[in-house]
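A closer look at the structure
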Amino acid sequence: MLQLSGEGLVNNEGQRGFRVAPLSRADLDDLMSARIAIESMLFEDAIAHGDDNWGAAVTSAWYKLSKAPLPNSPSEHDGADYWEAAHREFHRALLSAARSKWLLRINEQLVNHSERYRRIRLVHPLSQRQLAQDVISEHEAIMKAALSGQASKAVALLKLHLMRTTEVLAERFASDH
């Protein structure tokens with residue numbers, strides 16, 4: 001629990017124990033801004049230094065993600081876990097040729113924190129059909145631009161993808177109030 005507290009995932013309530021850290025729009029905006037900045041640098045570096053093995057890993061991860069069914073309800077935890085693992089593997093593969101181990105570690109922390117927010121979008125979508133369309137089209141476009149060496153286009157698509165998740169979740173926060 002102390003490690004989770006140190007990572008900001010839980011709050012230490014003193015003598016009362018621990019609580020899951022609350023989600024907020026301000027935290028989401030800050031988190032995703034940091035993630036976009038670091039992930040963009042890593043992605044550009046990965047495209048510049050990616051080889052055939054990197055391309056094969058990205059393609060393989062894309063295939064797995066494209067075949068992973070999205071969960072149909074909030075109670076479908078196993079489906080959400082399976083999809084989330086495929087999604088994370090795809091994004092990790094995109095960055096796997098980046099050379100900075102420090103930035104990769106920092107990005108992994110940001111991804112861990114953003115998963116809490118992304119799961120809200122995943123299991124409580126405003127539109128299941130729109131979510132499925134976004135998942136397929138956004139990830140495929142990112143992959144194609146990266147594998148064709150179009151770094152600026154790929155990075156721009158990645159930024160739009162991450163910002164879109166932020167926007168959808170911001171709408172979700174607004175509808176809860």
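Residues numbered from 1 in each chain as written. Predicted model: local features only at pLDDT ≥ 70, side-chain atom pairs only at ≥ 80, totals over all residues. Heavy atoms only, no water.

**A few points about the side chain of Thr166**
Along the chain, the position of Thr166 falls in helix α7 (residues 151-176). Among all residues touching Thr166, those that are not within four sequence positions of it are Leu28, Asp29 and Met32. (Helix = DSSP H or I, 4+ residues; strand = E, 2+ residues; numbered from the N terminus. Contact = heavy atoms within 4.5 Å.)

**Here's the deal with the packing of aromatic side chains**
In this structure the tally under the stated criterion is one aromatic pair. Lying across the ring of Trp102, Arg105 places its NZ or CZ 4.7 Å from the centre. (Phe/Tyr/Trp six-rings, centres within 6.5 Å; stacked < 30°, edge-to-face > 60°. Lys NZ or Arg CZ within 6 Å of the ring centre and 35° of its normal.)

**Comments concerning the environment of Tyr63**
Counting through the fold element by element, Tyr63 comes out in helix α3 (residues 52-67). Overall, the relative accessible area of 53% leaves Tyr63 in the exposed class. (Buried < 20%, exposed > 50% of the residue type's maximum accessible area, 1.4 Å probe, protein only.)

**Focus on the pattern of salt bridges**
Tallying each qualifying case throughout the model produces nine salt bridges. Among the salt bridges present, the one from Arg99 reaches Asp45, with a minimum N-O distance of 2.8 Å. Of the two residues, Arg99 sits in the loop between α4 (77-95) and α5 (101-123) while Asp45 sits in helix α2 (residues 25-49), which places them 54 residues apart along the sequence. Judged by its relative accessible area of 56%, Arg99 falls in the exposed class. When its relative accessible area of 15% is taken as the criterion, Asp45 is described as buried. (Salt bridge = Lys/Arg side-chain N within 4 Å of Asp/Glu carboxyl O.)

**What about the packing of α2 against α4?**
Viewed as axis vectors pointing N to C, α2 and α4 meet at an angle of 55°, and their least axial separation amounts to 7 Å. With respect to their mutual orientation, α2 and α4 come out oblique. For the pair formed by α2 and α4, the contact residues are Arg35, Glu39, Leu42, Phe43 and Ala46 on the first element and His91, Leu94 and Leu95 on the second. Of the residues contributing to the contact of α2 with α4, the split by class is five nonpolar, one polar and two charged. (Axes fitted to C-alpha atoms, helices over the stretch in contact; angles between N-to-C directions. Parallel < 35°, antiparallel > 145°, perpendicular 65-115°, else oblique. Nonpolar A, V, L, I, M, F, W, Y, C, P; charged D, E, K, R; others polar.)

**Considering α4**
Owing to its 3.6 residues per turn, the α-helix aligns residues three or four sequence positions apart on the same side. The terminal C-alpha atoms of α4, which comprises 19 residues, lie 27 Å apart, in line with the 27 Å expected from a rise of 1.5 Å per residue. Those residues of α4 that sit buried are Gly79, Ala80, Trp83, Glu84, Ala86, His87, Arg88, Phe90, His91, Ala93, Leu94 and Leu95. (Expected span 1.5 Å × (residues − 1).)

**Comments concerning the environment of Gln150**
Residue placement: Gln150 occurs in the loop between α6 (128-147) and α7. Taking the C-alpha atoms as reference points, Gln150 and Glu44, separated by 106 residues in sequence, lie 9.4 Å from one another.

**Quick look at the packing of α3 against α4**
Their axes nearest at 8 Å, the elements α3 and α4 cross at an angle of 160°. By the angle class used here, α3 and α4 are roughly antiparallel. Taken as a pair, α3 and α4 cross one another with a handedness that is left-handed. Counted together, Trp54, Ala57, Val58, Ala61, Trp62, Lys64 and Leu65 of α3 and Tyr82, Trp83, Ala86, His87, Glu89, Phe90, Ala93 and Leu94 of α4 form the full contact between these two elements. Of the residues contributing to the contact of α3 with α4, the split by class is twelve nonpolar, one polar and two charged. (Left-handed = near helix turned anticlockwise from the far one by under 90°.)

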